[in-house]
Amino acid sequence: EAGVTQSPTHLIKTRGQQATLRCSPISGHTSVYWYQQALGLGLQFLLWYDEGEERNRGNFPPRFSGRQFPNYSSELNVNALELEDSALYLCASRLTRQETRYGYTFGSGTRLTVV
Amino acid sequence: EDQVTQSPEALRLQEGESSSLNCSYTVSGLRGLFWYRQDPGKGPEFLFTLYSAGEEKEKERLKATLTKKESFLHITAPKPEDSATYLCAVRFSGGYNKLIFGAGTRLAVHP
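Attention here is on the structure that accompanies the text.

Rules behind the numbers
- Residues numbered from 1 in each chain as written.
- Chains lettered and ligands numbered in written order.
- Predicted model: local features only at pLDDT ≥ 70, side-chain atom pairs only at ≥ 80, totals over all residues.
- Heavy atoms only, no water.
- Core = buried A, V, L, I, M, F, W, Y, C linked by side-chain atoms within 4.5 Å.
- Buried < 20%, exposed > 50% of the residue type's maximum accessible area, 1.4 Å probe, protein only.
- Helix = DSSP H or I, 4+ residues; strand = E, 2+ residues; numbered from the N terminus.
- Contact = heavy atoms within 4.5 Å.
- Phe/Tyr/Trp six-rings, centres within 6.5 Å; stacked < 30°, edge-to-face > 60°.
- Buried area = accessible area lost by both parts, 1.4 Å probe.
- Salt bridge = Lys/Arg side-chain N within 4 Å of Asp/Glu carboxyl O.
- Nonpolar A, V, L, I, M, F, W, Y, C, P; charged D, E, K, R; others polar.

1. Brief notes about the nonpolar core
Residue and element names in this part refer to chain B. In terms of nonpolar packing, the biggest core is built from 25 residues, with Leu33, Trp35, Leu73, Tyr86 and Val90 touching the most fellow members. Those elements that place two or more of their residues in this core are strand E2 (10-14), strand E3 (19-26), strand E4 (30-38), strand E5 (45-50), strand E7 (62-66), strand E8 (70-75), strand E9 (84-92) and strand E11 (105-110). No other element matches E9, which puts 5 residues into this core. Each residue touching Leu33, except ones within four places of it in the same chain, is listed here: Cys23, Tyr25, Phe48, Thr49, Leu50, Leu66, Ser71, Cys88, Ala89 and Val90.

Set out below in structure tokens:
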């Protein structure tokens, strides 16, 4: 069974540009979570999508946005990039209402560097 | 404020030297405490979920325990391949299914 896949692996952008990050959840998983992991910091919750709808968002400005497609894959968009947006962006999926004893499965992340 | 605190920040062990990592939390209505392992440049890898005080889970050299306010990850006779960052996260009532993570403990096991 394929795990959570994220693309691209690495992304280099200039300050002020826009970045688009993609996530494909495990087949059958309907919930997708996005996290930001800046260097030396813990994982910070960004967004939760379930069944195509945004269900919750963390303490991030509106220039962080995303969507979930009918096949449950998801996209994270970051507009007007700032240097401090440089981080590892992680996507996780789980089957909605699945027993959480199985945890949330993470992808390997997209390393975004803003120069 | 809901938060998760891990200690120590970093731990250096000799191969075979057992130790414990701590995760304390202040949330209302715990609905699961999760331990993950993260290798450099990779995503977190799920280890355990604990739900209630007194619960224990084991996997190879790792054993996780849970009390009402904290969890411990015990590492018995560690090997160099156990070197990684260990992350603790909690899910709680009113948290909209998100996980709140601690900052992690960086473990280095030397031969």
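2. Quick notes on the packing of aromatic side chains
Applying the stated rule across the entire model yields 11 aromatic pairs over all chains. A centroid spacing of 5.8 Å and a plane angle of 65 degrees characterise the contact between Tyr35(A) and Phe45(A), whose relative ring orientation is edge-to-face. Linking Tyr35(A) in strand E4 (residues 31-37) with Phe45(A) in strand E5 (residues 44-50), this pair joins segments that are 10 residues apart in sequence. Across this residue pair, the class does not change: Tyr35(A) and Phe45(A) are buried. Consider the rings of Tyr35(A) and Phe101(B), whose centres lie 5.5 Å apart with planes at 85 degrees: the pair is edge-to-face. A residue pair is termed interchain when its members come from two chains, as with Tyr35(A) in strand E4 and Phe101(B) in strand E10 (residues 100-101). The same class applies to Tyr35(A) as to Phe101(B), namely buried. An aromatic cluster is built from Tyr35(A), Phe45(A), Phe106(A), Tyr36(B), Phe46(B) and Phe101(B), whose rings are joined through pairwise contacts.

3. Focus: the interface of chain A and chain B
Contact residues are listed per partner, giving 21 residues for chain A and 21 residues for chain B. For the pairing of chain A and chain B, the buried interface totals around 1700 Å² over both sides, and the portion due to carbon and sulfur atoms is 54%. Taken together, the connections running from chain A to chain B amount to 0 salt bridges. Elements with a contribution of two residues or more to the side of chain A that touches chain B: E4, E5, strand E6 (53-57) and strand E9 (87-94) of chain A. Here the residues of the side of chain A that touches chain B sort into 10 nonpolar, 7 polar and 4 charged.

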